[in-house]
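Listed below, chain by chain, are the residues.
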Amino acid sequence: MSSVPASSGAMDAEPRPPRDEWWPLLLGACAVLGLLAGALWVTSLQLGAIATIPTVQRYELRAVPPDDPQALQFNGPLLEHSEDAALPIVGHPAGGALLRKARLTIDLTPYLTATDVYDDERDGDRQTTLRGPTKAILISQAVHGVDIYLNGVWLDGYPRSTAQDRFMWFRPLMVELPRKLLRRDGANQLVIDYTSWEPHLTFSPVFIGDVGPIAYMAEALDFVGGSLASASKAFCFLTGLFMIGVWLANRSDDTFGLVGAVALLWAAVYTLSLWIHLPAAWRGLWLWSFYACTGALNALTVLFILRFIGQKISIPAAVLLALCSSAAAVISPWLGGEAKGQLAYSWILLMLPMQTWALWRLGRHVLRTRSRPALLLLLLLLVAAVLILHDFNVMAHRIGPLNQTGHSSLLRLLGTPMYLTHLALPPLLVVMARVHLAKYRQSTDRVREANRILSDSLRRREMELSLAYDRQSSLERREAAQDERDRIYRELHDGIGSRLIATLFSVRDGVASPAQLEHSLMEVLQGVREVVSTSRQREERELQNILFDYCVNLDSLLSGKEFQLEYEIPGDHEFVMLDDGARELLRVVEETVANTLKYANASRLRIELHQTDTSVLLSIVDNGHSTLPENLPQRPAFGASTGRGLAHMRERMKALGGRFEFELTAAGGTTWVTLPLVAEDAPLKSHTAGS
């Protein structure tokens, strides 16, 4: 037996409904109470018109012999007998399960009047005159099946148990007494024969009275003990299926499964208790199933109460609950004779302490929390317990009919054998379901509130993310704008600026002609247009041709008496650089030439291109005599330096996957640019250029 996990907390008291919602509830309660009071008043009037037969002339109990499988004769071994025996009679014969037949002989003469008996002088010829009966008897519950005889004539009855079949009816039986069978002179004997496999023979009270009141009481007893019992079984079954379905749909809370199991077990216990017919050989299996279902119901009810109040069951208590609940089912197959007959009485006393302990825990919970649902559940459980004890003791005839209270008193029904526990089951299950549906509703409200809080948090988070996205977009736009500004700056500095330096140098030295100057300025203007253009043109010429054209133009601008340009661009193995590779490499050459013109005071500049199968080596060598450090941007004739030229060239070559190196000595400056054509790195300075 595993312990039931505690719930998140005890059920709090429900908020009271508004005052304007009280009057429908009050009106409905008054209507129900009014109908119940009216029914009880009419029942009291009808009950006052009938009498209870307190004794029988003779009671006999015999065993059915094997040669009478239909139990038709009454000639078996005599087991018990008595004269003037008081009703009801409870037989406890020795031995185990045995087919027995009992006979009750009742003298009806004290309960008849002259008008109840047919009188030939008063009523006419018996053969032609029809007279209906005025008197009837009522067997309050013909448990074992019955045959009714009046003065030796069979009148009515329910099928009785035989050697092959076991019948138990638990129904009232009304039998009208025909006038023509009643005697004016002499005794009128009513014989009632019972046949049963049960070790406990119960003979219910017998009522006699006028036909009308007896018929009303028969219908009332059948309605309460039969129709309502069947309705309660159906209600328990459907409620159990519904709760099990709710639990299967949401297994996070097993309370609904617990309530559903309790409801289904109630339906099973009542179905087994009121089972009418089964083969006699199956009686042991039927009895074991009844004990098993009743024990499981006892255990689950205790677990439900503890689950409701939010308390765990301890391991010792769980073991004790399992032992006392399963005791009858475990030991009943091994018992026989009178021990098996006494098991039911002993077992209910064994289960009673655990039920009392659970109700005591529930009562403490009510006192501590003042919870109205808990109080209502406690009251209904107490009512159910009282009705269970009533049914058990009345069916065992430990409580008999109360004749001394007066004919019209409703207390006479307290000793009448009929099941009343089912009257408490629908309200109890409704309360159980309502309590846990309310608890589920509270959980749903908490989930809904949590969802609302989560939605608010998500909205705030979305707003924060939107703001963050806007900020990120703004940063990205600023970074893109900054990258574009840097690109334009590099292009203006390394490309346009270098061309302008060469042009200014040629103008200062008087080397360039007006046509050359115009051509150079047009190239500068075209370069500016390309820099600011959004759709830059791709350079698709061979790298050797690009460098050769540049050297030719530079030679025409700068070469003179004070400055000589030398270049060596081989024409074999021409290749085209993809994307903007040629443009980037040209910008490195232009910036290097511009730096030479601005800072080196050189008279000679040599540009040389060497190509192998794996790399391209470009060297730019001048014979400048400046010993100024490279980070001293000083040449007044051409403005101040930004100090970013060498860094830009290194970045360009790094982007192309190549290397850039610059060396400044007393003999001049040398720039090496190495660009690999394959994955392997080419050795730096594979050729040495002299100044």
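The notes below deal with the structure included here. Worth saying up front: this structure is predicted, and the values here are computed from it rather than measured.

The rules we used
- Residues numbered from 1 in each chain as written.
- Predicted model: local features only at pLDDT ≥ 70, side-chain atom pairs only at ≥ 80, totals over all residues.
- Heavy atoms only, no water.
- Helix = DSSP H or I, 4+ residues; strand = E, 2+ residues; numbered from the N terminus.
- Buried < 20%, exposed > 50% of the residue type's maximum accessible area, 1.4 Å probe, protein only.
- Areas by Shrake-Rupley, 256 points an atom, 1.4 Å probe, with all protein chains shown as cover.
- Patch = residues over 30% accessible without salt bridge, like charges linked within 9 Å, V, L, I, M, F, W, Y side chains within 5 Å.
- Salt bridge = Lys/Arg side-chain N within 4 Å of Asp/Glu carboxyl O.
- Pairing = 2+ DSSP bridges.
- Axes fitted to C-alpha atoms, helices over the stretch in contact; angles between N-to-C directions.
- Core = buried A, V, L, I, M, F, W, Y, C linked by side-chain atoms within 4.5 Å.
- Contact = heavy atoms within 4.5 Å.
- Phe/Tyr/Trp six-rings, centres within 6.5 Å; stacked < 30°, edge-to-face > 60°.
- Lys NZ or Arg CZ within 6 Å of the ring centre and 35° of its normal.

## A look at the overall build of the protein chain
Stage number 1. The secondary structure content of the protein chain amounts to 13 helices and 19 strands.
Stage number 2. Looking at the protein chain as a whole, 44% of its 691 residues are labelled buried.
Stage number 3. Of the accessible surface of the protein chain, which amounts to about 35400 Å², a share of 60% is contributed by carbon and sulfur atoms.

## Some details on a nonpolar patch on the surface
Stage number 1. Taken together, the side chains of Leu 33, Leu 36 and Leu 40 make up a nonpolar region of the molecular surface, amounting to roughly 290 Å² of accessible area.
Stage number 2. Structurally, Leu 40 is set in helix 1 (residues 22–47).

## Structural notes on the sheet that holds strand 16 (residues 604–611)
Stage number 1. Reading across the sheet, the five strands line up as 15-16-17-19-18 and stay open at both edges, with mixed pairing between neighbours. Lying at the two open borders of the sheet, with one neighbouring strand each, are strand 15 (564–568) and strand 18 (659–665). When the angles between neighbouring strand axes are averaged without regard to direction, this sheet yields 10°.
Stage number 2. Across seven bridges, the pairing between strand 16 and strand 17 (residues 615–622) is antiparallel. Along strand 17, the bridge assignment pairs His 610 with Leu 617.

## What to know about the nonpolar core
Stage number 1. If you look at the biggest cluster of nonpolar residues, it comprises 62 residues, and the most contacted ones within it are Leu 321, Leu 362, Leu 377 and Met 432.
Stage number 2. Mapped onto this core, the elements with two or more residues apiece are helix 3 (211–249), helix 4 (255–273), helix 5 (283–308), helix 6 (315–331), helix 7 (338–369), helix 8 (372–395) and helix 9 (425–509).
Stage number 3. No other element matches the 13 residues that helix 5 contributes to this core.
Stage number 4. Excluding anything up to four places from it in sequence, Leu 377 contacts Phe 304, Phe 308, Leu 362, Leu 428, Val 431 and Met 432.
Stage number 5. Judged by nonpolar contacts, the second largest core, of 35 residues, contains Ile 546, Leu 554, Leu 558 and Val 593.

## Some words on the sheet that holds strand 2 (residues 55–63)
Stage number 1. Strand order in this open sheet of six strands is 3-2-5-11-7-8, and the pairing throughout is antiparallel. With partners counted over all chains shown, the strands left at the sheet margins are strand 3 (78–86) and strand 8 (153–158), one partner each. Between one strand and the next, the sheet's axes are offset by a mean angle of 15°, whatever the strand orientation.
Stage number 2. Bridge count for strand 2 against strand 5 (residues 100–107) is six bridges, and the pairing is antiparallel. In the sheet register, Leu 61 faces strand 5, and the bridge partner there is Ala 102.

## What about unusual backbone geometry?
Stage number 1. With a phi angle near 50°, Asn 151 is a residue other than glycine that sits in the positive phi range.
Stage number 2. Despite not being glycine, Arg 370 shows a phi value in the positive range, around 55°.
Stage number 3. Its relative accessible area of 60% is what places Arg 370 among the exposed residues.

## Re the packing of aromatic side chains
Stage number 1. Inspection of every chain in the model, using the stated rule, returns seven aromatic pairs.
Stage number 2. Taking 6.1 Å as the distance between ring centres and 75° as the angle between the ring planes, the aromatic pair formed by Phe 548 and Tyr 567 counts as edge-to-face. Of this pair, Phe 548 sits in helix 11 (residues 543–558) while Tyr 567 sits in strand 15; the two residues are 19 residues apart in sequence, bridging distant segments of the chain.
Stage number 3. When its relative accessible area of 40% is taken as the criterion, Phe 548 is described as partly exposed.
Stage number 4. Taking the relative accessible area as the measure of exposure, Tyr 567 reaches 26% and is therefore partly exposed.
Stage number 5. Every member of this aromatic cluster is reached through a ring pair, and the members are Trp 286, Phe 290, Tyr 291 and Trp 347.
Stage number 6. One Lys or Arg, Arg 103, reaches over the ring of Phe 74 and ends 4.4 Å from the middle of that ring.
Stage number 7. Here the basic side chain of Lys 180 rests over the ring of Tyr 118, its NZ or CZ set 5.6 Å away from the ring centre.

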